[in-house]
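# Structural characterization, general
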Amino acid sequence: MTTPFEVTGGHLTVPVTMEDRIRGPLHAPVSLVEYGDFQCPHCASAYPVVREVMHQRPDTVQFVYRHFPLPNVHPYAEYAAEVSEATAARDLFWEMHDWMFEHSADLATTTIRIGLRDLGLQPAVIESEVDSHLYLDKVRSDFVGGVRSGVNGTPTFYVNGVRLDRGYAVADLLAAVDERIAVG
Amino acid sequence: MTDRVAMPGPGQVAPEFSLPSSPEQMMSLAQLRGSPVILAFYPADWSPVCSDQMVLYEAIRPEFTTFGAHLLGISVDGVWCHRAFAERNGIRYPLLADFEPKGAVARRYGVYEPECGTADRALFVVDGDGVIAWSYLSPPSVNPGADGILSALERLAPVRQVPA
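Residues numbered from 1 in each chain as written. Chains lettered and ligands numbered in written order. Predicted model: local features only at pLDDT ≥ 70, side-chain atom pairs only at ≥ 80, totals over all residues. Heavy atoms only, no water.

### Some details on the packing of aromatic side chains
Residues and elements named next belong to chain B. Taken as a whole, this structure holds 19 aromatic pairs over all chains when the rule is applied. Taking 6.2 Å as the distance between ring centres and 75° as the angle between the ring planes, the aromatic pair formed by Y57 and F64 counts as edge-to-face. Its relative accessible area of 0% is what places F64 among the buried residues. Sitting over the face of the ring of Y112, R107 holds its NZ or CZ atom 4.0 Å from the ring centroid. (Phe/Tyr/Trp six-rings, centres within 6.5 Å; stacked < 30°, edge-to-face > 60°. Buried < 20%, exposed > 50% of the residue type's maximum accessible area, 1.4 Å probe, protein only. Lys NZ or Arg CZ within 6 Å of the ring centre and 35° of its normal.)

So, in structure tokens, the structure goes:
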């Protein structure tokens, strides 16, 4: 039984595994996990920030993207997440992830089709898989894990399993990453 | 104000209430007896943190439902404000208007902030017998998320109702 004033959450409850979408060195000393929504404007703002952090710390940071779609305010977010998982099955997750955030404000079924064609994929095949929700379990599993880890909006970042409660400007993320490197 | 009621905690009976859930309907805690009820008191429709929190809860609602739990949002905003806020954010769970007498229910739960004239950001999980199982007072600027709610629901009913 908890007290009324207990502070909960703030730690990643689902460890990073090979089931995750991982960019950068597999055994990097610092793991940066984002729970994001492809249609969320704040996540779209964070996208170039994360790219910059990865660019500045290429050997020390591993980036993990997990799905946290909020379909009641972003009607194509869950669809986009499922599409990205279909591209993951074809080793094109990060290409699609980047495309989604570069076109975040315009996401819809028809525009996502353009993104799939840009990657050389056949939209009809992907749409058929997504319509049968082949990848929905992965998306839901990410979402529920995020809820249990104290995700309270998007984007939410974790650095080596600890929720980042400051901002997510380049300086904020770099400072958090460098603190972890210093701790070792 | 010196007559502030202490926030009731686990093991205490949840104060009964009946509040408008729409211009035409009232909703009481008693009518949900038999199921866990999540009471999410929040300061104000449309404020940034409240919007994030209430939107998040709509997205998480299927998880609450697996425990057979009902979710109620409560603030001092009126029914028409709630309606616009819910429509704008795709919120389908009831938002109750603790509007007149202003904050009366929040006061009985010890979560009314007289200086601001709003409810605090506070969570209660009430069991099917109307007893508080868990409560949490969040700083006004911090979205508490839903982890604490789900943990409380798990303790109430370790075996989930998995939808067919």
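### Describing the sheet that holds strand β3 (residues 37–41) of chain B
All names here are of chain B. Across the sheet, 5 strands lie side by side as β5-β4-β3-β8-β9; this open sheet has mixed pairing. Each having just a single partner strand, β5 (95–97) and β9 (132–138) make up the two edges of the open sheet. Averaged over all pairs of adjacent strands, the angle between their axes in this sheet comes to 20°, without regard to strand direction. By the bridge criterion, 6 bridges tie strand β8 (residues 121–126) to β9 in an arrangement that is antiparallel. Note that in β9 the partner of F124 across the bridge is S135. Sheet strands in contact with helix α2 (residues 79–89) are β4 (70–75) and β5, and its direction is about 160° off that of β5. (Pairing = 2+ DSSP bridges. Helix = DSSP H or I, 4+ residues; strand = E, 2+ residues; numbered from the N terminus. Axes fitted to C-alpha atoms, helices over the stretch in contact; angles between N-to-C directions. Contact = heavy atoms within 4.5 Å.)

### Observations regarding the interface of chain A and chain B
Where interface size is quoted, it is often the accessible area lost as the parts come together. Contact with chain A, which involves 22 residues of that partner, is made by 25 residues of chain B. Of the roughly 1900 Å² buried at the junction of chain A and chain B (both faces included), carbon and sulfur atoms supply 58%. Summed over the shared surface of chain A and chain B, the result is 2 salt bridges. Across the pair D147 of chain B and R148 of chain A runs a salt bridge, and its minimum N-O distance is 2.9 Å. Across the chain A-chain B interface, the total number found is 6 residue pairs in polar contact (both at pLDDT 80 or more). (Buried area = accessible area lost by both parts, 1.4 Å probe. Salt bridge = Lys/Arg side-chain N within 4 Å of Asp/Glu carboxyl O. Polar contact = N/O pair within 3.5 Å; in protein donor to acceptor, adjacent residues only side chain to side chain.)

### Observations concerning the pattern of salt bridges
All names here are of chain A. Overall, the coordinates contain 19 salt bridges over all chains when judged by the stated rule. Here R21 ties to E85 by a salt bridge, and the two come within 2.6 Å at their closest N and O atoms. On the criterion of sequence distance, the pair formed by R21 in strand β1 (residues 21–23) and E85 in helix α2 (residues 77–88) is long-range, its members being 64 residues apart. One salt bridge connects D165 with R163, and the closest N-O pair in it is separated by 2.8 Å. With a relative accessible area of 16%, R163 lands in the buried category.

### Brief notes about the sheet that holds strand β4 (residues 156–159) of chain A
Residue and element names in this part refer to chain A. Strand order in the open sheet formed by 5 strands is β1-β3-β2-β4-β5, and the pairing between neighbours is mixed. Among the strands making up the open sheet, the edge pair consists of β1 and β5 (162–163). As paired strands, β4 and β5 are joined by 2 bridges and run antiparallel to one another. Bridge pairing in β5 places Y158 opposite R163. Along the sheet, helix α1 (residues 41–56) contacts β1, β2 (30–36), β3 (61–67) and β4; its crossing angle with β2, the most-contacted strand, is approximately 165°.

### Details of unusual backbone geometry
Along the chain, T154 of chain A connects to P155 of chain A via a cis peptide bond; the corresponding omega equals -5°. Checked against the element boundaries, P155 of chain A lands in the loop between α6 (136–148) and β4. The step from E100 of chain B to P101 of chain B runs through a cis peptide bond, and the omega angle for that step is -5°. Along the chain, the position of P101 of chain B falls in the loop between β5 and α3 (104–108). Phi at D91 of chain A takes a positive value of approximately 60°, unusual for a residue other than glycine. Its location among the elements puts D91 of chain A in the loop between α2 and α3 (93–102). A positive phi angle, close to 55°, is found at H133 of chain A, a residue other than glycine. Examined against the element boundaries, H133 of chain A turns out to sit in the loop between α5 (123–131) and α6.

Take it as geometry only, folks, not as evidence of what the structure does.
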